[in-house]
Structures are given as C-alpha cells and as structure tokens.
Amino acid sequence: MSDRTLGAAVGTDVLGVIIPAFNEAATIERVLRRVLLQECVRQVVVVDDCSSDRTAQIPLGFASDRRVTVRRHEVNRGKGAAIRTALAEVSAPIVIIQDADLEYDPVEYEKIITPIVEGRADVVYGVRGFLSHTSYSYWFVLGNRVVTTVTNILFNCYIQDMETGFKAMRTDLMRRLQLRGDRFNIEPEITARVLRLGYRIHEVPITYYARSRAEGKKLTWRDGVKALFTLMRLRLTPRRALFGRDDDYHSQRLAELAAVPRMPELEGERQVQVTSRSES
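Criteria and thresholds
- Residues numbered from 1 in each chain as written.
- Predicted model: local features only at pLDDT ≥ 70, side-chain atom pairs only at ≥ 80, totals over all residues.
- Heavy atoms only, no water.
- Core = buried A, V, L, I, M, F, W, Y, C linked by side-chain atoms within 4.5 Å.
- Buried < 20%, exposed > 50% of the residue type's maximum accessible area, 1.4 Å probe, protein only.
- Helix = DSSP H or I, 4+ residues; strand = E, 2+ residues; numbered from the N terminus.
- Contact = heavy atoms within 4.5 Å.
- 1 Å grid on protein atoms, 1.4 Å probe; cavity = no way out; pocket = protein on both sides within 12 Å on 5 of 7 lines; lining within 4 Å.
- Points joined across faces, edges and corners; volume = space filled by probe spheres on them.
- Nonpolar A, V, L, I, M, F, W, Y, C, P; charged D, E, K, R; others polar.
- Salt bridge = Lys/Arg side-chain N within 4 Å of Asp/Glu carboxyl O.
- Phe/Tyr/Trp six-rings, centres within 6.5 Å; stacked < 30°, edge-to-face > 60°.
- Lys NZ or Arg CZ within 6 Å of the ring centre and 35° of its normal.

Draft legend 1. Structural detail: the nonpolar core. Core analysis: the largest hydrophobic core is formed by 37 residues, its most contacted members being Met169, Leu173, Met174, Leu177, Ile190 and Val194. Among the elements that make up this core, the one with the highest residue count is helix α7 (residues 186–196) (five residues). The residues contacting leucine 177, other than those within four sequence positions of it, are Met169, Ile190, Arg193, Val194, Leu197 and Phe243.

Draft legend 2. The layout of surface pockets, seen in detail. Its boundaries defined by the atoms lining it, the second largest pocket holds a volume of some 470 Å³. In this structure, the second largest pocket is lined by 18 residues; those nearest its centre are Arg120, Ala121, Arg200, His202 and Arg262. Top element by residues in the lining of the second largest pocket is helix α10 (residues 248–259). It accounts for three residues. A per-class count over the lining of the second largest pocket returns 12 nonpolar, two polar and four charged.

Draft legend 3. Examining the pattern of salt bridges more closely. Taken as a whole, this structure holds 19 salt bridges when the rule is applied. As a salt-bridge pair, lysine 79 and glutamate 187 come within 2.6 Å of each other at their nearest N and O atoms. On the criterion of sequence distance, the pair formed by lysine 79 in helix α3 (residues 79–87) and glutamate 187 in helix α7 is long-range, its members being 108 residues apart. Residue lysine 111 pairs with glutamate 108 through a salt bridge whose shortest N-O separation is 3.0 Å. The exposure class of glutamate 108 is buried, given its relative accessible area of 11%. Taken together, the shared-partner salt bridges connect Lys79, Asp99, Lys167 and Glu187 into one network.

Draft legend 4. A look at the packing of aromatic side chains. This model, assessed by the stated rule, comprises two aromatic pairs. A ring pair is formed by tyrosine 104 and phenylalanine 166, whose centres lie 5.1 Å apart and whose planes are at 45°; its orientation type is tilted. Taken as a pair, tyrosine 104 in the loop between β4 (94–97) and α4 (109–117) and phenylalanine 166 in the loop between α5 (138–155) and β6 (167–170) lie far apart in primary sequence, 62 residues in all. The class of tyrosine 104 is buried, set by a relative accessible area of 3%. An angle of 55° between the planes, with centres 5.8 Å apart, marks the rings of tyrosine 109 and phenylalanine 166 as tilted. Of this pair, tyrosine 109 sits in helix α4 while phenylalanine 166 sits in the loop between α5 and β6; the two residues are 57 residues apart in sequence, bridging distant segments of the chain. One aromatic cluster is present, formed by Tyr104, Tyr109 and Phe166 through successive ring pairs. Just above the ring of tyrosine 125 sits the side chain of lysine 167; from NZ or CZ to the centre is 4.9 Å. Taking NZ or CZ as reference, arginine 176 lies 4.0 Å from the ring centre of tyrosine 249, over its face.

Here's what the structure looks like:
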C-alpha cells in the first residue's frame, strides 16, 4: 500500500494483528472480541503454540468472521516462532503483536498506528508507564529498565521500553527483519534488528494491566539474561550476516522518513513569509 493510500486510510482496515498464544484459555476469547471491535483491524492471525488447555479451540468460535485465521503448532516452539508463523499470513500494510493475556488493550491500536498511517514513523512501540496496574513485581520492572538501558547504550538510541509487547510496524519492514528467535528473545531481536537498519523507534504511552505469576505470567529473570546476550550478539554481528545484501527498500524508506515534517500538518496550516524592515 502506498503512503498516500495508507495516509487516507485512518480508522479503516489497515492493521494485521498477530496473536501468539500458549495456555491462555482464560483470556483469549475476550482479547479476540476486543480486537475485532477495532475499525482499523483488517485481519487477525492467532497461532496456538501447542497449548494443553482450550486455547486452540476458542478462536475457532470466531471462524465466521472472515478476518480471523487460526494456526496451530503441533509442538511448543515459543512466542518468536508463533510470530513468524503468523507473519507469513499477514497481508495488511501494518502489523502489530497482541499478547493473548489482556495485559495490553486493543482499544489503543489507533493511537499506536497513527504515526505510521500519517507517514511519520515506520516502527511504533507502546510504552508502559508502570503506573496503571493493580499488581506487578518490583524486580520485573527493574529488569525491564536494565535491558532497556543496555539497548540504549549498545545502539546509541533512547527508548523507554524495549520489552513492550505492543510493537507495530510496516508489514513489509517486519518481513525484512529476517527474524530468527523462537521464544521471548524475539522482543530484543526485533528491536536490535530495527535499530541496526537505522530506523528510529517512535514511542507512545499506553495503559498496561500487569498480571502476576499466579495469573499466568510466563516471563522470568532468565529471559532477561537471554535478552542481554541477544542484544550484544546482534550488535556485534556484521550487518551482512544479519540481513544479507543491501536492500534499497531501507535507504528509500529512511530518506522518505527524514523528509517528513516533524509535526503532522494541520488543515488550513500555511507558511507565513516574514520580511525584514529593510526589505519592506
């Protein structure tokens, strides 16, 4: 989809939603209902990662909605593998990752994708302020800050939430990232590859409803350690080894992004020419 067509499509079906799911029978139905209520959603791809509960069966109840596609892994392969399986199905021009656990609210899709729709960014992250929850672990928040700080140091950037599960970008860009991670290391891998290609990550604040370990939280401190190794490896690996031969797509997109005004233009906005007294 061209920038002009994408820009004219605010509020319409431009978004492909990837939902990786593993043992989320308690929440996935409500997640799907909320996702499908959003006008911007064109398609939803649910990938059940060999759940042992009813997670695989629940999305089948939405099969009458032509936007919904359901895939299943016969063995548990991890969140990253589920994202890659779903990405192969996405035809919408913008893609977002939606966890199936109700920590992130689909109501905020439009806010997240607006910078992409307007042509001001190709990658947008929803930033968790860690203010609007009922419960979370201090060590979880501290660990998130550590891996985010390491990301900023290694890649000379300034982002506030590397591990956010709300990542949106142009679909054609995400395919060009050549993702390899199978499990939670997909989060630092996406960020590292985006930054290695020279893209700036646009961040918008979101609401975050943290769940506890007892409620099914799967991320552990070990995943934080693995994230650090993933970041360091991808920072030190030669670009050719990560992406192969140079792709003109990136140089063209980066040039187009650099030419976009810092602020979106307002209707009726005009440039006023200022002349000095000597010229009048």
